[in-house]
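These are the residues of each chain, in order.
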Amino acid sequence: MAKRVQARRLDGIDHDPWVEFVKMASEFDAVNLGQGFPDFPPPDFAVEAFQHALSSDFMLNQYTRAFVIIIEPFFDCYEPMTLMAGGHPVFVTLKPGPTRDGELDSSSNWQLDPTELASKFTSHTKALILNTPNNPVGKVFSKAELELVASLCQQHDVICIADEVYQWLVYDGYQHVSIASLPGMWERTLTIGSAGKTFSATGWKVGWVLGPDSLMKHLRTVHQNSIYHCPTQGQVAVAQSFEHEQLHFGQPSSYFAQFPQAMQRTRDQMICSLQSVGLKPVVPQGSYFFMTDISDFKSKMPDLPGDVDEPYDRRFIKWMIKTKGLVAIPVSTFYSVPHRKIFDHYVRFCFVKDESTLQAMDEKLQKWKKELRP
Amino acid sequence: MFLAQRRLCSLESRAKFLKTIYSSKILGLPTSAKMSLKITNAKRIEGLDSNVWIEFTKLAADPSVVNLGQGLPDISPPVYVKEELSKIAAIDSLNQYTRGFGHPSLVKALSCLYEKIYQKQINPNKEILVTVGAYGSLFNTIQGLIDEGDEVIVIVPFYDCYESMVRMAGATPVFIPLRPKPVDGKKWSSSDWTLDPQELASKFNSKTKAIILNTPHNPIGKVYTKEELQVIADLCIKYDTLCISDEVYEWLVYTGNKHVKIATFPGMWERTITIGSAGKTFSVTGWKLGWSIGPNHLIKHLQTVQQNTVYTCATPLQEALAQAFWIDIKRMDDPECYFNSLPKELEVKRDRMIHLLESLGLKPIVPDGGYFIIADVSSLDADLSDMKDSNEPYDYKFVKWMTKNKKLSAIPVSAFCNTETKLQFEKFVRFCFIKKDSTLDAAEEIIKGWNRQKS
């Protein structure tokens, strides 16, 4: 075709960070601690629920129905989705406070500057995207921090899009708070959840959004003019899995208690292992991930191969995949383009992995450690 | 349909569960009475909120109603299709994310199948995209390739989402109706409905970005002939226009007819996106898997939309679909192959439904493909007097009356029309015949009773 084919709404959003690293992971047969998916199965009751959903009733094979503030670092799709809708992303950065010598940095140490945040709101601000627990930092926003965001949203009449997919993965006794439960927030908040992250079944692709009908009706309009339905069996399996959990809620037998406990152990194990090669983890309060500071590597090996203008963390990851056989994700991917060069000294590891993956990781790290010795 | 509804009620318990979490935290303050002026919908969805399916599905949800409305098979999918899914659910890795643009084994199977049909190589990674149903393919195509201010030609009657998706993209639908030319002495057939070539040509201009083609056609059941497709192809090439070809019913073509793919015509591969559906291919509408096939310079834009919307489709369903395809790809000349057995099975049901509608005194249009039949119901002279104040089209009122009084539901054909053409089609009602024998038996009982009342 001679004329331009693609719609203007796609301009600038065609690049995808995941494709490159997933490809490299398989090419170099590396241990994949990059992309965020569990490499262990969903709990038995969830798998059984899905099996049950498939075999019980064959009819389940049929149908069953301005300016956006983005907090950096952000899950990468927030920006292109905003752009595709013709919106303007406005970024505000979580900044790490100072850490004491000898102490590991923590995600709770990464905070928004209240004055800076307030300055981002204007009469043209339509929405703010909040992700808690946060990917990639692992921060669990405290009630006080949420109250600050809430008061600004109310003051400026802004919608809050709360991505809470990791709501059940909170560690060290921290509490997940939903901003929609704060006074004045229910009517202006859309809260997003995920079966994939709740039940370790990312491949089921069932998610949900909760909110007041006055907002939900518009989401339904988009829904009926895009995919219209979600797969029936996946939804039934999620429903039955929740029914199972409802019986155990608040008890030690609950998957929502056991799973974060197990992941906390894995997190601690991985944090310990990675430190042995000079990586400096930021201990996450929640989510599947933690970042590690690679500034030491940046000062010792500043000239890793890569494209002109390629941020350091991307070049570090490629080097790590090729020479150390480990995959992680460069955190600059989760920053707006102008800030990538500033925040290019962190890489993100996923610790929601099976024992066998952790063992494979340890083997690679042993080799790496040996190579460090003079 | 009823059983699925009952299962779906268990989804309510999930809502209740999540309420448990929130209610313990909500501080009991009333929601603000202040009306927000800023919190309004995006302009792109203005006027798109009503939906015929939602309205009529609700009506037909009454378990005592025989539902010939929504195109929902109540026949069982093939056994091996369900078995594959069962096996796959137990495989750990298949419960996690897969490749965003399509699970590798599925795109490979689709490529293998369609290479035979297109008689050309189809790159599974670059020329195929797996989407959430054919709906998802339509959405990705329209969002990816249609801009604000573009014109898109839509043939009336049309599957209802074409108009709303085009409008949501900020483009203008340009309508052209299929016009009936019944032949005397012959049963009225879907092939008697055609496009006037001059009228069609007059709809094309420099702003025309695409034409949406649906063959076999919903609701009429028309299977476009080679000659008819050539007229469309010539215009697409002359005006450098895209063709979005919705071919979800491609396997459902009856004796004496052949499904022809416009993308196989000279000069058309490079400007056509062809859409298919697992739901319609294997009678598993609830799996919500569809695909777009086309040249990479178009598919890549659909992929961009995909990575900025759903990102991936469900893994276990894609793997099961791939396995099901391999079973049938190996036996495409076999009568046992579902692509051959389903249309045979449906042709019998089609003929039965035609007969039933004729027994009511109706003149149904015999479809050459698809799983719907439309018929002019005005001769039944139904008493719609208690709905006389409603300004809904005749067929909407008729279907509501028929659902309530005869316990038989269908879909009004004017739902498939734009405002200007609704009057042309408002006497027609669409019946779905991909139903099990007991459903058709129940429909037969209703029709017999109706006949008795008439006489």
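All of these numbers come straight from a predicted model, not from anything done at the bench. (Residues numbered from 1 in each chain as written. Chains lettered and ligands numbered in written order. Predicted model: local features only at pLDDT ≥ 70, side-chain atom pairs only at ≥ 80, totals over all residues. Heavy atoms only, no water.)

## A closer look at the sheet that holds strand 14 (residues 329-330) of chain A
Residue and element names in this part refer to chain A. Spatial ordering of the open sheet is given by 5-11-12-15-14, a layout of five strands whose pairing is mixed. Two strands bound the open sheet, and with one partner strand each, they are strand 5 (105-106) and strand 14. Contacting strand 11 (280-283), strand 12 (289-293) and strand 15 (346-350), helix 9 (residues 255-275) runs over the sheet at an angle of about 20° to strand 12. Against the sheet, helix 11 (residues 312-324) engages strand 14 and strand 15, with an angle of about 50° to strand 15. (Pairing = 2+ DSSP bridges. Helix = DSSP H or I, 4+ residues; strand = E, 2+ residues; numbered from the N terminus. Contact = heavy atoms within 4.5 Å. Axes fitted to C-alpha atoms, helices over the stretch in contact; angles between N-to-C directions.)

## Describing the packing of aromatic side chains
All names here are of chain B. For the structure on display, the rule yields 53 aromatic pairs over all chains. An angle of 80° between the planes, with centres 5.1 Å apart, marks the rings of Tyr249 and Tyr371 as edge-to-face. Of this pair, Tyr249 sits in the loop between strand 8 (242-246) and strand 9 (272-277) while Tyr371 sits in the loop between strand 11 (363-365) and strand 12 (372-376), and the two are 122 residues apart along the sequence. A relative accessible area of 4% means that Tyr249 is categorised as buried. Ring centres of Phe325 and Phe339 lie 6.2 Å apart, and the angle between their planes is 55°; on these two criteria the pair is classed as tilted. Of this pair, Phe325 sits in helix 11 (residues 315-329) while Phe339 sits in helix 12 (residues 338-359); the two residues are 14 residues apart in sequence, bridging distant segments of the chain. A single burial state applies to Phe325 and to Phe339, both of which are buried. Among the aromatic residues, those joined into a ring-pair cluster are Tyr114, Tyr118, Trp251, Trp269, Phe282, Trp291, Phe325, Tyr338 and Phe339. (Phe/Tyr/Trp six-rings, centres within 6.5 Å; stacked < 30°, edge-to-face > 60°. Buried < 20%, exposed > 50% of the residue type's maximum accessible area, 1.4 Å probe, protein only.)

## Examining the domain arrangement of chain B
Accessible area lost when the parts come together is the quantity often used to give the size of an interface. All names here are of chain B. Looking at chain B, the domain boundaries give domain 1 (47-75 + 337-454) and domain 2 (79-330). Taking only C-alpha atoms into account, the centre of domain 1 sits 25 Å from that of domain 2. Taken together, the contacts link 41 residues of domain 1 with 42 residues of domain 2. Both faces considered, domain 1 and domain 2 share a buried interface measuring about 3500 Å² in area, 64% of it formed by carbon and sulfur atoms. Per-residue buried area on domain 1 facing domain 2 is highest for Phe339, Asp368 and Phe416; these three make up 23% of the total on that side. Counting the contacts that link domain 1 with domain 2 gives one salt bridge. Glu358 is paired through a salt bridge with Lys187; the nearest N and O atoms lie 3.3 Å apart. The tally of links between domain 1 and domain 2 comes to 16 residue pairs in polar contact (both at pLDDT 80 or more). Those elements that place two or more of their residues in the side of domain 1 that touches domain 2 are helix 2 (52-60), helix 12, strand 11, strand 12, helix 14 (422-425) and strand 15 (428-432). Considering every element that reaches the side of domain 1 that touches domain 2, the biggest residue donor is helix 12, with nine residues. The residue makeup of the side of domain 1 that touches domain 2, split by class, is 28 nonpolar, seven polar and six charged. (Domains from an automatic or database assignment. Buried area = accessible area lost by both parts, 1.4 Å probe. Salt bridge = Lys/Arg side-chain N within 4 Å of Asp/Glu carboxyl O. Polar contact = N/O pair within 3.5 Å; in protein donor to acceptor, adjacent residues only side chain to side chain. Nonpolar A, V, L, I, M, F, W, Y, C, P; charged D, E, K, R; others polar.)

## Side note on the UniProt feature "domain: Aminotransferase class I/classII large" (unreviewed entry) in chain A
When the UniProt feature table is mapped onto this chain, "domain: Aminotransferase class I/classII large" (unreviewed entry) is found at residues 88-357 of chain A. With 36% helix and 18% strand, residues 88-357 of chain A has its two end C-alpha atoms placed 40 Å apart. (UniProt positions renumbered as here; feature names shortened; annotations may be inferred.)

## Some remarks on the environment of B:Leu380
Residue and element names in this part refer to chain B. Note that Leu380 resides in the loop between strand 12 and helix 13 (394-406). Note on Leu380: relative accessible area 12%, which makes it buried. Spatially, the C-alpha atom of Leu380 lies 7.7 Å from that of Leu362, the residues being 18 residues apart in sequence. Ignoring sequence-local partners within four residues, the contact set of Leu380 consists of Leu360, Leu362, Phe398, Trp450 and Lys454.

## Regarding the sheet that holds strand 9 (residues 189-194) of chain A
Within a sheet, neighbouring strands are paired by backbone hydrogen bonds and run either parallel or antiparallel to one another. Residues and elements named next belong to chain A. With mixed pairing, the six strands of this open sheet are ordered in space as 3-2-7-8-9-10. Whereas interior strands pair on both sides, the edge strands pair on one side only; in this sheet they are strand 3 (89-93) and strand 10 (207-210). Each strand axis lies, on average, 20° off the axis of its neighbour in the sheet, ignoring direction. For strand 7 (residues 127-131) and strand 8 (residues 159-163), the ladder comprises five bridges, and the chain directions are parallel. Paired with Ile129 across the two strands is Ile161, which belongs to strand 8. This element, helix 7 (residues 213-224), spans strand 8, strand 9 and strand 10 of the sheet and lies at about 55° to strand 9.

## Quick look at unusual backbone geometry
Of the consecutive residues A:Glu72 and A:Pro73, the connecting peptide bond is found in the cis state with omega at -10°. Within the secondary structure, A:Pro73 sits in the loop between strand 2 (68-72) and helix 3 (78-84). At the junction of B:Asn218 and B:Pro219, the peptide bond is cis and its omega measures out at 10° in the coordinates. Position of B:Pro219 among the secondary structure elements: in the loop between strand 7 (208-214) and helix 8 (226-238). Backbone geometry at B:Lys407 places phi at a positive 55°, although glycine is not the residue there. Tracing the chain through its elements places B:Lys407 in the loop between helix 13 and strand 13 (408-409). Residue classification places B:Lys407 among the partly exposed positions, given a relative accessible area of 33%.

## Focus on the state of the cysteines
Residue and element names in this part refer to chain A. Counted according to the given criterion, the structure contains zero disulfides over all chains. With no disulfide partner, Cys272 has as its closest neighbouring cysteine sulfur the one in Cys350, 18 Å distant. Of all cysteine sulfurs, the one in Cys77 lies closest to Cys350, which takes part in no disulfide; the gap is 17 Å. For Cys350, a relative accessible area of 0% translates into the label buried. (Disulfide = S-S within 2.5 Å.)

## Brief notes about the domain arrangement of chain A
Residues and elements named next belong to chain A. Segmenting chain A into domains produces domain 1 (63-96 + 105-248) and domain 2 (255-372). Using only C-alpha atoms to locate each centre, domain 1 and domain 2 end up separated by 25 Å. Regarding the contact of domain 1 and domain 2, the summed buried area is about 2900 Å², with carbon and sulfur atoms giving 59% of it. Counting the contacts that link domain 1 with domain 2 gives one salt bridge. Its salt-bridge partner being Arg267, residue Asp172 comes within 2.9 Å of it at the nearest N-O pair. Across the contact surface, domain 1 and domain 2 share 18 residue pairs in polar contact (both at pLDDT 80 or more). If you list the elements that add at least two residues to the side of domain 1 that touches domain 2, you get strand 3, strand 5, helix 6 (195-198) and helix 8 (232-248).

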